[in-house]
Amino acid sequence: MIGILKTTLKLLFRNVGFWLCVISLPIISTVMLSVQQDNQSYYYHNNVNMGVLELESIDEKVAYYASDIKFVVKVYDASESELSDYMLDKLAKSGMFKVGRAKAPEMTKADADEKVLYDGQNDRMGAAIYIDKNFDEYIKNGEYDKAITIYVLSDDDRIDVLNDKLAYTMQKINAASTISEYTNENILSQLGDIDEVAPEKSVTMIASGADKDLTKSQIDQKTNMGYAFVFMTLGFVLVGTLLASTVIKEINNDVLKRIKLTGKSEISYFAAKFVASVFISLILSGVLTLCTLFIDSTQMGLGRLSLMLIIFLMGLIFCTLSLLTGVLVGNVMGATITSFTVWCLSSMLSGLYFPLGGTSKFIQSLSEIMPQKWFVDGTVMLFLRDKGAWTMLLCVTVAYLFVFLSLGSVGLKLKGAEE
């Protein structure tokens, strides 16, 4: 076993592609960890105090801000008045709705009808609202049906709550207008007095996961960590494919047969290759740790040792996966394509590129079986100083390795039986 391990490592160390992956990808990952950017528009949208989300144009999609908790509403606001702002603000801060407002002063009811037909097929929302240009006048006269138009774009039962909330708010504005002599400033002042004496409501999100406890800075760090995971997993997949190529060549050149003649089993042979993947994972995670010495550890949100252990455990999974793929596929090109495809799909479905809160339940279920998803969740737990994070990550790693090693051993036996 030691001889197989030494030979495998020598072959890898002589490969230029191996060193290219070992050096370049940790550097890129470190750059991603050091980037200072504001990602709250995508990851912090569940904060109930965020208010109305201002869209840049009517063509901007609200699907990017969708949540598995809140009912998404897209608003085409032709009024742009203070009273429409008040109504939408109350709707957004109710805790149930995510309101995205696009200001459209030139939009007519006919334009809104046409736009909703398009957005209903190409965007993801529960409902759309068109606010008429004469919203203030219609509200003051009690003509609520002319003031706004509600387009139902889903079968979600919360549409009834939306209708009730809007109707109540418009009635409240109308009542205030009768007292305040129809000037918007007086109406808003009256509404403020009404809200002050109203019972204070506290909204608590109980199903938004651990992310609800993260600060904005930690959410940015989580986002950057996800991007770093993308490049590091790519490195592990590529290096694991190089490792798999040694297995494929040894099988094709009957090296494995000669090893078996010495009394070694397929299991011991594959175990030696697995130990090689352990060394590879240590090297890659170690290089990443060295690269992070050039940035402030506070930018990462984790200590360097914690980051190294997370990357090492994730690397074991992906190195072993590439090794398994090479054994089962049987040729280098096929193994490379398969491993790269698995990496692409797993990175996308795990939510490393964008949040999956607004996707279907099926997609979210697929996300739960992706290794990166568990490591991102583990990172969040470490941000929150949850002591159970390492237990979870170790259990996840052992579970994936058990499956991959078992399949790899069976694959080698099947290859031997075919020959």
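Scroll up for the structure.
In short, a report on the structure. (Residues numbered from 1 in each chain as written. Predicted model: local features only at pLDDT ≥ 70, side-chain atom pairs only at ≥ 80, totals over all residues. Heavy atoms only, no water.)

### What about the overall build of the chain?
Consideration 1: Looking only at helices and strands, the chain has 17 helices and five strands in total.
Consideration 2: Counting across all 419 residues of the chain, residues that qualify as buried make up 48%.
Consideration 3: The contacts of the chain with a sequence gap of at least 6 include a subset with a gap of at least 24, amounting to 76%.
Consideration 4: Of the roughly 20100 Å² of accessible surface on the chain, a fraction of 60% belongs to carbon and sulfur atoms. (Helix = DSSP H or I, 4+ residues; strand = E, 2+ residues; numbered from the N terminus. Buried < 20%, exposed > 50% of the residue type's maximum accessible area, 1.4 Å probe, protein only. Contact = heavy atoms within 4.5 Å. Areas by Shrake-Rupley, 256 points an atom, 1.4 Å probe, with all protein chains shown as cover.)

### Re a negative patch on the surface
Consideration 1: Together, Asp155, Asp157, Asp160 and Asp164 make up a region of like negative charge exposed at the surface.
Consideration 2: By the secondary structure assignment, Asp164 is in helix H8 (residues 158-179). (Patch = residues over 30% accessible without salt bridge, like charges linked within 9 Å, V, L, I, M, F, W, Y side chains within 5 Å. Salt bridge = Lys/Arg side-chain N within 4 Å of Asp/Glu carboxyl O. Lys, Arg positive; Asp, Glu negative; His and termini not counted. Charge placed at Lys NZ, Arg CZ, Asp CG, Glu CD.)

### Some words on the packing of aromatic side chains
Consideration 1: This model, assessed by the stated rule, comprises six aromatic pairs.
Consideration 2: On the basis of an interplanar angle of 80° and a centroid distance of 5.1 Å, the ring pair of Phe18 and Trp19 is categorised as edge-to-face.
Consideration 3: Residue classification places Phe18 among the buried positions, given a relative accessible area of 0%.
Consideration 4: Ring pairs connect the aromatic residues Phe13, Phe18 and Trp19, which therefore count as one cluster. (Phe/Tyr/Trp six-rings, centres within 6.5 Å; stacked < 30°, edge-to-face > 60°.)

### A few points about a nonpolar patch on the surface
Consideration 1: Nonpolar side chains collect at one region of the surface, where Phe13, Trp19, Ile23, Ile27 and Val31 lie side by side and expose about 440 Å² of accessible area between them.
Consideration 2: Ranked by the residues each element gives to the nonpolar patch, the list is headed by helix H2 (residues 16-34), at four residues.
Consideration 3: With a relative accessible area of 47%, Ile23 lands in the partly exposed category.

### Concerning the pairing of strand E2 (residues 71-77)
Consideration 1: Within E2, seven of the seven residues are buried, leaving the element largely enclosed by the surrounding structure.
Consideration 2: Across the two faces of E2 the burial is the same, with Phe71, Val73, Val75 and Asp77 and Val72, Lys74 and Tyr76 all buried.
Consideration 3: As paired elements, E2 and strand E3 (residues 97-103) share seven bridges and run parallel to each other. Bridging from a neighbouring strand, Val72 pairs with Lys98 of E3.
Consideration 4: Assessed by its sense of winding, the connection that carries the chain from E2 through helix H4 (residues 82-92) to E3 is right-handed. (Pairing = 2+ DSSP bridges. Right-handed = clockwise from strand over helix to strand, strands pointing away.)

### Quick look at the nonpolar core
Consideration 1: Counting residues in hydrophobic clusters, the biggest one holds 61 residues, and the most contacted among them are Phe229, Ile280, Ile311 and Phe375.
Consideration 2: Sorting the residues of this core by element identifies helix H1 (2-13), H2, helix H10 (216-252), helix H12 (266-291), helix H13 (304-329), helix H16 (371-383) and helix H17 (389-418) as the ones contributing at least two each.
Consideration 3: In terms of residues, this core owes the most to one element, H13, which gives 14 residues.
Consideration 4: With residues near it in sequence (within four places) discarded, Phe375 still touches Phe229, Ile310, Leu313, Met314, Ile317, Leu393 and Thr397.
Consideration 5: Counting 28 residues, the second largest nonpolar core, distinct from the first, contains Met87, Leu91, Ala127 and Tyr138. (Core = buried A, V, L, I, M, F, W, Y, C linked by side-chain atoms within 4.5 Å.)

### What to know about the pattern of salt bridges
Consideration 1: If you walk through the whole model with that rule in mind, you get 13 salt bridges.
Consideration 2: One salt bridge in this structure joins Lys115 and Asp59, with 2.6 Å as the shortest N-O distance. Here Lys115, found in helix H5 (residues 109-122), pairs with Asp59, found in the loop between strand E1 (53-54) and E2; they are 56 residues apart in sequence, far enough to count as distant.
Consideration 3: In this structure Lys115 comes out as buried when scored by relative accessible area, which is 11%.
Consideration 4: With relative accessibility at 54%, the residue Asp59 sits in the exposed group.

### Quick notes on the environment of Lys103
Consideration 1: Structurally, Lys103 can be placed in strand E3.
Consideration 2: Between the C-alpha atom of Lys103 and that of Glu56, which follows or precedes it by 47 residues, the distance is 8.1 Å.
Consideration 3: Apart from the residues within four sequence positions on either side, Lys103 is in contact with Glu54, Asp77 and Glu80.

### Considering the pairing of strand E4 (residues 127-131)
Consideration 1: In terms of residue burial, E4 counts as a mostly covered element, since five of its five residues are buried.
Consideration 2: Along E4, one buried face is formed by Ala127, Ile129 and Ile131 and the opposite face, lined by Ala128 and Tyr130, is buried too.
Consideration 3: Relative to E4, E2 runs parallel, the two sharing five bridges. Its bridge partner lying in E4, Val75 is registered against Ile129.
Consideration 4: Bridge analysis of E4 against strand E5 (residues 148-152) gives five bridges, and the strand direction is antiparallel. Bridge pairing in E5 places Ile131 opposite Ile148.

### Overview of the packing of H13 against H16
Consideration 1: The interhelical angle for the contact between H13 and H16, taken along N-to-C directions, is 170°, at an axis separation of 11 Å. When the axes of H13 and H16 are compared, the pair comes out roughly antiparallel. Residue-level inspection shows Ile310, Leu313, Met314, Ile317 and Phe318 of H13 in contact with H16, the latter providing Pro371, Gln372, Phe375, Thr379 and Leu382.
Consideration 2: Partitioned by chemical class, the residues of the contact of H13 with H16 number eight nonpolar, two polar and no charged. (Axes fitted to C-alpha atoms, helices over the stretch in contact; angles between N-to-C directions. Parallel < 35°, antiparallel > 145°, perpendicular 65-115°, else oblique. Nonpolar A, V, L, I, M, F, W, Y, C, P; charged D, E, K, R; others polar.)

### Some thoughts on H16
Consideration 1: For H16, which comprises 13 residues, the first-to-last C-alpha distance of 19 Å matches the rise-based estimate of 18 Å (1.5 Å per residue) to within 8%.
Consideration 2: Taken together, the buried positions of H16 are Pro371, Gln372, Lys373, Phe375, Val376, Gly378, Thr379, Val380, Met381, Leu382 and Phe383.
Consideration 3: Following H16 by one or two positions, Arg385 has its phi on the positive side, about 60°. (Expected span 1.5 Å × (residues − 1).)

### Concerning the sheet that holds E1
Consideration 1: Pairing in this open sheet of five strands is mixed, and the strands run E1-E3-E2-E4-E5 from one edge to the other. A strand with exactly one partner marks an edge of an open sheet, and here the two such strands are E1 and E5.
Consideration 2: The sheet contacts of H4 involve E2, E3, E4 and E5, and relative to E3 the element is tilted by about 155°.
Consideration 3: Where H5 meets the sheet, its contacts fall on E2, E4 and E5, and the angle it forms with E5 comes to roughly 20°.

This is a description of form; function is not addressed.
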